[in-house]
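Letter by letter, the chains look like this.
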Amino acid sequence: MKETQAFYYKFKKNWFWMGMNILLLALMLCCCIKYPSCLYWRQTKVLIGTLVFSFVAWGLKYWCRHRVALLDENGIKIDHCSPLPWKDIKNAEYKTAKCCFQKLPVIILNPKKNIKYHYNFMQKRCAKMDFTAFSIPLYAMTPEDGEKIAALIGKKVKFINKK
C-alpha cells in the first residue's frame with residue numbers, strides 16, 4: 001500500500017424523507033399563495049427555516065461524500081479522529097454490534113495497552129457499547145469496499161476471527 005486509500009460511507013437514499021420535504025413545501029406554498037399575510041407570522045418563518053434545514057440536511061447526507069477511513073503505510077484514520085499507527089494495534093476482529101434493534105457488522109481494531117493516542121469526545125464514551133473507539137462500520141459501506149478495507153487491514157494486522 002504505497003498511496004493513501006480512502007473509503008467512504010454509502011447510505012441508502014431515504015426517499016420518504018425527501019417526499020415529506022416536498023409535501024411540506026407544497027403545503028406551505030399553497031398556504032402562502034392563498035393567504036400571503038401568513039408570511040409575516042413568526043410561526044411561518046420557523047416552519048420555513050425548518051423546511052430549509054431539512055432539505056439542506058438531506059442534501060448533505062446523500063450528496064456529499066463522508067469518509068469512513070483513510071489507510072496508509074503508517075496507520076489508519078477513522079472518520080475525523082486522530083490517526084492510529086499500525087504499531088499500536090494489537091489485532092482486529094469481525095463483530096456484530098447491536099444498534100436500534102439491528103445487528104450490524106463492524107471491524108474492531110483492538111489497541112495495545114498504554115498507547116499514546118488523543119481520544120476525541122465520542123471515543124472516550126463508547127467503552128460500554130458494542131462499538132469501540134476504533135470500529136469500522138461495514139454496514140455503511142458497499143460490500144466491495146468492505147472486503148477491500150478488510151484485506152488491507154489484514155495485511156497490516158492479524159485478524160483473530162474469520163468473517
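Note: the structure precedes this text.
Calculation criteria
- Residues numbered from 1 in each chain as written.
- Predicted model: local features only at pLDDT ≥ 70, side-chain atom pairs only at ≥ 80, totals over all residues.
- Heavy atoms only, no water.
- Core = buried A, V, L, I, M, F, W, Y, C linked by side-chain atoms within 4.5 Å.
- Buried < 20%, exposed > 50% of the residue type's maximum accessible area, 1.4 Å probe, protein only.
- Helix = DSSP H or I, 4+ residues; strand = E, 2+ residues; numbered from the N terminus.
- Contact = heavy atoms within 4.5 Å.
- Axes fitted to C-alpha atoms, helices over the stretch in contact; angles between N-to-C directions.
- Parallel < 35°, antiparallel > 145°, perpendicular 65-115°, else oblique.
- Left-handed = near helix turned anticlockwise from the far one by under 90°.
- Nonpolar A, V, L, I, M, F, W, Y, C, P; charged D, E, K, R; others polar.
- Salt bridge = Lys/Arg side-chain N within 4 Å of Asp/Glu carboxyl O.
- Pairing = 2+ DSSP bridges.

### Concerning the nonpolar core
- The biggest cluster of nonpolar side chains holds 27 residues, and the ones touching the most others in it are Leu-71, Ile-76, Ile-107, Leu-109, Ile-136, Ile-149 and Ile-153.
- If you tally residues by element for this core, the top one is helix H4 (residues 143–156), at four residues.
- When neighbours within four sequence positions are excluded, Ile-149 is seen to be in contact with Phe-7, Ala-69, Leu-71, Ile-136, Leu-138 and Met-141.

### Some thoughts on the packing of helix H1 (residues 15–34) against helix H2 (residues 42–63)
- The geometry of H1 relative to H2 is characterised by a closest axis approach of 10 Å and an angle of 150° between their N-to-C directions. Overall, the two elements H1 and H2 adopt an arrangement that is roughly antiparallel. Where H1 crosses over H2, the handedness of that crossing is left-handed. Contact with H1, carried on its side by Trp-15, Trp-17, Met-18, Asn-21, Ile-22, Leu-24, Leu-25, Met-28 and Cys-32, involves Thr-44, Leu-47, Ile-48, Leu-51, Ser-54, Phe-55, Ala-57, Trp-58, Lys-61 and Tyr-62 of H2 and no other residues of that element.
- Per-class residue counts for the contact of H1 with H2 are 15 nonpolar, three polar and one charged.

### Things to note about the pattern of salt bridges
- Scanning all chains against the criterion turns up two salt bridges.
- Between Glu-73 and Lys-156 there is a salt bridge; the shortest N-O distance is 3.1 Å. Of the two residues, Glu-73 sits in the loop between strand E2 (67–71) and strand E3 (75–78) while Lys-156 sits in helix H4, which places them 83 residues apart along the sequence.
- For Glu-73, a relative accessible area of 40% puts it in the partly exposed group.
- Its relative accessible area of 33% is what places Lys-156 among the partly exposed residues.
- Measuring nitrogen to oxygen at the nearest pair gives 3.6 Å for the salt bridge that ties Asp-88 to Lys-87.
- Residue classification places Asp-88 among the buried residues on the basis of a relative accessible area of 13%.

### Observations regarding the pairing of strand E1 (residues 5–8)
- Residues Gln-5 and Phe-7 point to one face of E1 and are all buried, whereas Ala-6 and Tyr-8, pointing to the other face, are not buried.
- When E1 meets E2, the two strands line up antiparallel, connected through four bridges. Within the sheet, the bridge partner assigned to Gln-5 lies in E2 and is Leu-71.

### Focus: the side chain of Asp-88
- You can see Asp-88 is positioned in the loop between strand E4 (84–85) and strand E5 (89–99).
- Beyond its immediate stretch of four places on either side in the chain, Asp-88 contacts Pro-111, Lys-112 and Ile-115.

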